[in-house]
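Overview (structure and organization)
The lines below spell out each chain.
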2 protein chains.
Amino acid sequence: MNMAPDTHSKTARRPARRIAVEEGFTLPEIWTAARRVLGGHLGEEPGEAFVFGLTAPAPRSGRAGPPPWLAVLTDLDDRRLADMDASGIDLQLLLLASPGVQIFDAGEARELAMLANDRLASAIARHPTRFAGLAAIPPQDPVFAAAELERAVRTLGLRGAVINSHTGGEYLDGERFEPILDTAERLDVPIYIHPRAPSPAMVAPYLDQGLVGAIWGYAVEVGLHALRLIFSGTLDRHPRLRLVIGHMGEGIPFFLDRIDTHHGYGGGWGHRSRPLQRRPSEYFREHFCITTSGMNWAPALRLAIDTLGIERVLFAADYPFEDTKAAVERISAFALSDSERAAIEADNASRVFRLPAVACPDIPGSRAESQDTATDGRA
Amino acid sequence: MNMAPDTHSKTARRPARRIAVEEGFTLPEIWTAARRVLGGHLGEEPGEAFVFGLTAPAPRSGRAGPPPWLAVLTDLDDRRLADMDASGIDLQLLLLASPGVQIFDAGEARELAMLANDRLASAIARHPTRFAGLAAIPPQDPVFAAAELERAVRTLGLRGAVINSHTGGEYLDGERFEPILDTAERLDVPIYIHPRAPSPAMVAPYLDQGLVGAIWGYAVEVGLHALRLIFSGTLDRHPRLRLVIGHMGEGIPFFLDRIDTHHGYGGGWGHRSRPLQRRPSEYFREHFCITTSGMNWAPALRLAIDTLGIERVLFAADYPFEDTKAAVERISAFALSDSERAAIEADNASRVFRLPAVACPDIPGSRAESQDTATDGRA
């Protein structure tokens, strides 16, 4: 497939390489297990099937067969590569779709996590220039999760871990999760905190007006999770822990100044929080990177870059849950210098996830081919 | 007091008039009643005393006397006017401090709301060019609340109502609150949805790491409230209802595009919400104005103006909970044309709340005096 550089958008500007870092997949085995665990809560939409967990609203249909989207989410070969080519994505950083293995009991979660990681590593071995991935780990068993993270990184070549926010209502500032954070810190790999529906202790007011999912509840859930890691002092205990959150920082960049102000008020006018070694925004800027998944929208991107710095913002499309072509069109239309564009669309991802920097001349439709001819579009 | 135009900031640009629209007050009687109702939950900080309600953490001190901040919050004369003069505020739109009368039983709430409104009207009568106000109403008794809103507007000259988000865990999309919305719509006055701590059904995960208040929980609470009004179809039933929210829109402007996208996905990939007559962002842009209270921060202000339009953004300082001088310095340093500055700092407020447009030559330290000499600073 000989792909012209700008088929994805007439206004597109093309970096040498485009990496998307929050791209979903699952295994048929995990879908089947989720269907069994979620039971009547599992409808035909992935929002219910894979994200809402046990807090899902009642399903709209009771049909028994696999839903049509399953083929998209489980493909790690031709169909996915064709979609990547069509939308102009050189490399996907793959994450087991939310809620990962976090809805299963610990024993099943351990088995499914290992299966997912092995299967992901195989897909990467088949397509080493097109895929990289993060490990699925079961926080239900923190010691095993830490060991599986180490195996996934050292043996399988995965680039960190994805954790789909709360596990049974608990957040990573809980003491029992320390082995996971210790190991991520020691291996110097990031943990990507991906959304799921708000935790059981706060989900109720989001359910009845349809606000539980990506439309609002996901950001509420992960925004809280990230701030808990700062305000609990967890990052004081883990000064080298690296974290990634999607959806343009789940709202935190917009509030970064207000958060600092009110932490500065300390026990005075307004709230009580523990003393920290630094301002909250310093933890956020130094420990977190954010991705543009589902939020490739100019006003929010502008704020994120201005607030965090270009080196902290990574492109993501959130395939197949969002429209990847639209995401590429939007990031391409956003005014950036060549070096800024390279940072957001590839170089930051390569640095944060230590991705191989090679081009991919042997892959049909690869950017190594279109790179030269794209020069005009990048002026 | 002869106030030089730029004493509040060397870089300040001075509009002809500066109005702040989310400025707090309370009555000693309401503080006493809150102390009785909240009991051991009432500490020395207003964050606990007036905002956290029954979900407050344990108080830090058990002392019995009135706290020092009470004098600031209850003053509606010289002390407040001196603070306004010192920080460059011509007119405060006053709101009974959160959680208003919403923590009391209906009978007491009715009495205290009327008392607060009468007392507020008296203060405005004493200082008609410096104060305007919104009515406190008890949503616990919606029929009374609607009648009190009408009395406050028609008889007392108040400019709308303030409602401190949830009442007993219920939001304004609940059917029983229809009389309030009907009346606000009929009178064509706005309802200001002001924060309080997240509702009981979702507050738990915000309590243990000190995130319940202005630092994060308030935005979570009001952001949800505003979206519930859109997604419940409430605004389809009330096409002329006007709403105001503070803190730069409580995060909604940052997510406006994502909200539209996922509503567009409808019952498909992700969530289920009811059909609406328009896109969610259209309801937000047409029904809501936002204020800069506690968020006079350039990146967020830029996003809000770009996203909503200059006519939807109103200056607020959130006196005395925030640093009013700092708020004025920040808005003054923000690059705006003279007409944009006039819109944000005064004209939008005058339009939204139908404030008197008169200057105030008889008030010592008034801007009518400094207006002329400020011309240089506005170049």
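Right, let's walk through the structure included here. (Residues numbered from 1 in each chain as written. Chains lettered and ligands numbered in written order. Predicted model: local features only at pLDDT ≥ 70, side-chain atom pairs only at ≥ 80, totals over all residues. Heavy atoms only, no water.)

1. Concerning the overall build of chain A
Applied cut-off: Secondary structure elements follow DSSP: runs of H or I of four or more residues count as helices, runs of E of two or more count as strands, with numbering from the N terminus. Each residue gets one of three labels from its accessible area relative to the maximum for its type: buried under 20%, exposed over 50%, partly exposed in between, using a 1.4 Å probe on protein chains only. Each accessible area value is a Shrake-Rupley result obtained with a 1.4 Å probe; residue values ignore everything except the protein chains displayed when judging cover.
A count of helices and strands for chain A gives 16 helices and nine strands. Counting the 379 residues in chain A, one finds 65% classified as buried. Accessible area of chain A: about 12,400 Å², with a carbon and sulfur share of 54%.

2. Quick look at the environment of A:Y218
Mapped onto the fold, A:Y218 is located in helix α9 (residues 217–231). Remark: the alpha-carbon pair of A:Y218 and A:P195, spanning 23 residues in sequence, is separated by 5.1 Å.

3. A few points about the pattern of salt bridges
The criterion, for reference: Only one rule defines a salt bridge in this text: a Lys or Arg side-chain nitrogen within 4 Å of an Asp or Glu carboxyl oxygen.
What the rule picks out here adds up to 46 salt bridges over all chains. For the salt bridge of A:D188 with A:R354, the shortest nitrogen-to-oxygen distance reads 2.2 Å. On the criterion of sequence distance, the pair formed by A:D188 in the loop between α7 (178–187) and β6 (191–193) and A:R354 in the loop between α15 (338–353) and α16 (367–373) is long-range, its members being 166 residues apart. Exposure remark for A:R354: the relative accessible area of 46% places this residue in the partly exposed category. Its salt-bridge partner being B:R14, residue B:D90 comes within 3.5 Å of it at the nearest N-O pair. Of this pair, B:D90 sits in the loop between α4 (78–87) and β2 (91–96) while B:R14 sits in the segment before β1 (19–25); the two residues are 76 residues apart in sequence, bridging distant segments of the chain. This pair shows no difference in class: B:D90 is buried, exactly as B:R14 is. One network of salt bridges, in which partners are shared, links A:R18, A:R341 and A:E345.

4. Some points on the packing of aromatic side chains
Worth spelling out the cut-off: Pairing of aromatic side chains requires ring centres within 6.5 Å, counting the rings of Phe and Tyr and the six-membered ring of Trp. Pairs whose planes differ by under 30 degrees are stacked, by over 60 edge-to-face, and all others tilted.
As enumerated under the stated definition, the model contains seven aromatic pairs over all chains in all. Relative to B:F254, the ring of A:F254 has its centre 5.8 Å away and its plane inclined at 40°; by these criteria the two rings are tilted. With A:F254 in helix α11 (residues 252–265) and B:F254 in helix α11 (residues 252–265), this pair bridges two chains. Side by side, A:F254 and B:F254 carry an identical accessibility label, which is buried. Measuring from centroid to centroid gives 5.5 Å for A:F255 and B:W216, while their planes differ by 80°, and the two rings are edge-to-face. Residue A:F255 is found in helix α11, and its partner B:W216 is found in the loop between α8 (204–207) and α9 (217–231); the two belong to separate chains. Of the residues examined, B:W216 reaches a relative accessible area of 7% and is grouped as buried. Here the aromatic residues A:W216, A:F254, A:F255, B:W216, B:F254 and B:F255 are joined through ring pairs into a cluster of three or more.

5. Examining the packing of α11(B) against helix α13 (residues 298–308) of chain B
Residue and element names in this part refer to chain B. Using the following cut-off: The axes are straight lines fitted to the C-alpha atoms, using for helices just the contacting stretch, and the angles between their N-to-C directions are given from 0 to 180°. By definition in this entry, angles of less than 35 degrees are roughly parallel, angles greater than 145 are roughly antiparallel, angles of 65 to 115 are roughly perpendicular, and the rest are oblique. In what follows, a contact means two residues having at least one pair of non-hydrogen atoms within 4.5 Å. Gly falls in the polar group here, along with every residue not listed as nonpolar (Ala, Val, Leu, Ile, Met, Phe, Trp, Tyr, Cys, Pro) or charged (Asp, Glu, Lys, Arg).
Between α11 and α13, the least distance of the axes is 9 Å, while the angle of their chain directions is 45°. For the element pair α11 / α13, the angle class is oblique. From α11, P253, F254 and L256 reach across to α13, where they touch L303, T307 and L308. The class makeup of the residues in the contact of α11 with α13 is five nonpolar, one polar and no charged.

6. Points about the nonpolar core
Generally speaking, a soluble globular protein has its nonpolar side chains buried in company with each other. The criterion, for reference: Nonpolar core, defined: a set of buried Ala, Val, Leu, Ile, Met, Phe, Trp, Tyr and Cys residues in which side-chain atoms within 4.5 Å join the residues together.
Core analysis: the biggest nonpolar cluster contains 186 residues, and A:W216 and B:W216 have the highest contact counts within it. Beyond its immediate stretch of four places on either side in the chain, A:W216 contacts A:Y206, A:L211, B:G223, B:L224, B:L227, B:E250, B:G251, B:I252, B:F255 and B:I259.

7. Considering the pairing of strand β8 (residues 288–291) of chain A
Residue and element names in this part refer to chain A. What counts, and what does not: By the convention used here, strands pair only if DSSP detects at least 2 bridges between them.
Where burial is concerned, the two faces of β8 agree: the one with F288 and I290 and the one with C289 and T291 are both buried. In this structure, strand β7 (residues 243–245) lies alongside β8, joined through three bridges in parallel fashion. The residue bridging V244 from the neighbouring strand is C289, located in β8. Sheet analysis places β8 next to strand β9 (residues 313–314), joined by two bridges and oriented parallel. Looking across to β9, one finds that T291 is bridged to L314.

8. Some remarks on α11(A)
Residues and elements named next belong to chain A. Our working rule: A helix is expected to reach a length of 1.5 Å times the quantity of its residues less one. One fitted axis covers the seven residues ending at a residue, a second covers the seven starting there, and the bend at that residue is the angle between these axes.
For α11, spanning 14 residues, the distance from its first C-alpha to its last is 19 Å, which sits close to the expected 20 Å at 1.5 Å a residue. Of all the bends in α11, the largest measures some 35° and sits at R258. For α11, the tally of buried residues reaches eleven of 14 residues, placing the bulk of the element in the interior.

9. Some points on the sheet that holds strand β5 (residues 161–163) of chain A
Residue and element names in this part refer to chain A. The strand order across the open sheet built from six strands is β4-β5-β6-β7-β8-β9, with neighbouring strands paired in parallel fashion. The open sheet terminates on both sides in strands that have one partner only, identified here as β4 (135–136) and β9. Where β4 and β5 come together, two bridges link them in parallel fashion. Paired with A136 across the bridge in β5 is V162.

10. Let's talk about the sheet that holds strand β9 (residues 313–314) of chain B
In any sheet, the strands associate via hydrogen bonds between backbone groups, in a parallel or an antiparallel arrangement. Residues and elements named next belong to chain B. Sheet architecture is open: six strands sit in the order β4-β5-β6-β7-β8-β9, paired in parallel fashion. Either end of the sheet is taken by a strand with one partner, and the two such strands are β4 (135–136) and β9. Sheet analysis places strand β6 (residues 191–193) next to strand β7 (residues 243–245), joined by three bridges and oriented parallel. Looking at β7, one finds that Y192 is bridged to V244.

11. Topic: the environment of A:L94
All names here are of chain A. Locating L94 in the fold gives a position in strand β2 (residues 91–96). The class of L94 is buried, set by a relative accessible area of 0%. Along the backbone, L94 and A20 are 74 residues apart, and their C-alpha atoms lie at a distance of 8.8 Å. The residues contacting L94, other than those within four sequence positions of it, are E23, G24, F25, L76, R80, L120, F131, A132, G133 and L134.

12. A few points about the environment of B:F25
All names here are of chain B. Note that F25 resides in strand β1. Residues F25 and L70 lie 45 residues apart in sequence; the distance between their C-alpha atoms is 9.2 Å. Other than its neighbours up to four places away in sequence, F25 contacts L73, L76, R80, L94, L95, L96, A97, A116 and L120.

13. Quick word on unusual backbone geometry
Residues and elements named next belong to chain B. Here the amide bond leading from S98 into P99 is cis, since omega sits at 5°, within 30 degrees of zero. If you trace the backbone, P99 turns up in the loop between β2 and α5 (106–126). Each neighbour pair has its own omega, and for Y319 with P320 the value is -5°, a cis peptide bond. Even without a glycine there, the phi angle at S165 is positive, about 50°. Residue placement: S165 occurs in the loop between β5 (161–163) and α7 (178–187).

14. Description of the packing of helix α5 (residues 106–126) of chain A against helix α6 (residues 142–154) of chain A
All names here are of chain A. Running from N to C, α5 and α6 point in directions that differ by 10°, and their axes come no closer than 11 Å. Classed by the angle they form, the pair α5 and α6 counts as roughly parallel. Note on element contacts: α6 touches α5 through F144, E148, R151 and A152, opposite R110, A113, M114, N117 and D118. Residue classes in the contact of α5 with α6 are distributed as four nonpolar, one polar and four charged.

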